[in-house]
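# Observations on the three-dimensional arrangement
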Amino acid sequence: MIKKIIITVLFIFIISCKNNNLIFVQNKEMVNDTIKPKFLNKNSSCYSKSLKFSKKYGFVISDFYDVSEEQTYDIDRDLKKDTIAILSPLTLTPATDCELNNDQLIDNRILIISMSNGKKFLFDNVITNELGIGALGAEFIKKSKNGFILEKEIGQSCFFRYEIQIKYSDNKFIIQNIFLHTGGCPDSKTNNIKFDFSNKRYLLEKYNRQTIDSLKNNEKI
């Protein structure tokens with residue numbers, strides 16, 4: 001009996017080791033590598049588009065999503081390019097005829113990271129769902145020394161900007177710092193605040209898109 005258990009455990013271990021294309025997902029409802037809308041009404045003008053799929057970044061992605069931002073960097077320093085992309089649902093994309101659902105349930109913008117070694121990461125609660133014209137309302141992706149930065153700026157003469165600095169370590173994406181910048185109002189002074197998480201191992205999967213608003217409120221910005 002014990003021998004059979006040992007053989008079974010070894011068999012499972014060998015099979016699991018053969019799977020090099022790991023998918024790390026925050027979206028618990030996602031059971032495979034297909035990305036499709038959850039809340040799109042069948043009567044929506046975009047429903048027919050949602051039924052078409054294309055393969056990109058190692059995922060099978062519904063045409064309901066538009067790539068609003070894409071950058072390639074060597075994140076893990078293996079001398080090969082990795083890809084970071086933001087997918088935006090057409091209901092959050094300007095100049096489309098896709099209406100928002102009446103019940104206010106909307107599909108989220110998604111952050112995808114596709115590594116050259118086959119590992120894939122999906123985060124569905126990181127990128128803002130705000131409507132806007134800059135990067136289709138989402139953050140911009142910028143290169144940093146140890147990973148990448150998600151940056152967004154709102155306003156012009158009176159502005160608010162935030163930067164989320166993220167590094168890659170031990171197969172995890174970790175937030176190192178969050179910067180908040182304001183300026184131009186009400187007295188033309190600038191205000192720069194840094195939240196340092198470098199010693200706390202703040203996993204990106206634990207972050208959510210409401211965090212910035214919470215930090216703003218706490219600092220009374």
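Up top is the structure these notes are about.
Read on for a plain summary of the structure. All of these numbers come straight from a predicted model, not from anything done at the bench.

We now examine the environment of Phe 179. As for its placement among the helices and strands, Phe 179 is situated in strand 12 (residues 172-183). You can call Phe 179 buried: its relative accessible area is 19%. Excluding residues within four positions of it along the chain, Phe 179 makes contact with Arg 161, Tyr 162, Glu 163, Gln 165, Ile 193 and Lys 194.

Here Thr 93 lies in the loop between strand 6 (82-89) and strand 7 (110-114). Residue class for Thr 93 comes out buried when judged on its relative accessible area of 9%. Of note is the side chain of Thr 93, whose polar atom sits 3.0 Å from the backbone oxygen of Pro 89.

This brings us to the sheet that holds strand 4 (residues 59-62). Ordered in space as 2-4-3, the 3 strands form an open sheet in which the pairing is mixed. In this open sheet, the two edge strands, each paired with only one partner strand, are strand 2 (34-35) and strand 3 (53-56). Relative to strand 4, strand 3 is paired through 4 bridges, and the arrangement is antiparallel. Opposite Ser 54, over in strand 4, you have Ile 61 as the bridge partner.

Moving on, we get to helix 3 (residues 211-219). Looking at helix 3, one finds that the buried residues are Thr 211, Ile 212 and Leu 215. Projected down its long axis, helix 3 carries its buried residues within an arc of 100 degrees, all on one side. Structurally, helix 3 contributes buried residues whose contacts are with strand 11 (159-169), strand 12, strand 13 (191-196) and strand 14 (202-203).

Before going further, it helps to spend a moment on the pairing of strand 12. Counting buried residues along strand 12, 11 of its 12 residues qualify, which places the element largely inside the surrounding structure. As paired strands, strand 11 and strand 12 are joined by 11 bridges and run antiparallel to one another. The partner of Arg 161 across the bridge, within strand 12, is His 181. Between the end of strand 11 and the start of strand 12, which pair antiparallel, lie 2 residues, with Asp 170 showing a positive phi angle near 50 degrees. Pairing of strand 12 with strand 14 involves 2 bridges; the strand directions are antiparallel. The residue bridging Ile 175 from the neighbouring strand is Tyr 202, located in strand 14. Alignment of strand 12 against strand 13, held across 6 bridges, turns out to be antiparallel. Residue pairing across strands places Asn 177 opposite Asp 196, the latter belonging to strand 13.

About the cut-offs
Residues numbered from 1 in each chain as written. Predicted model: local features only at pLDDT ≥ 70, side-chain atom pairs only at ≥ 80, totals over all residues. Heavy atoms only, no water. Helix = DSSP H or I, 4+ residues; strand = E, 2+ residues; numbered from the N terminus. Buried < 20%, exposed > 50% of the residue type's maximum accessible area, 1.4 Å probe, protein only. Contact = heavy atoms within 4.5 Å. Polar contact = N/O pair within 3.5 Å; in protein donor to acceptor, adjacent residues only side chain to side chain. Pairing = 2+ DSSP bridges. Arc of directions from axis to C-beta.

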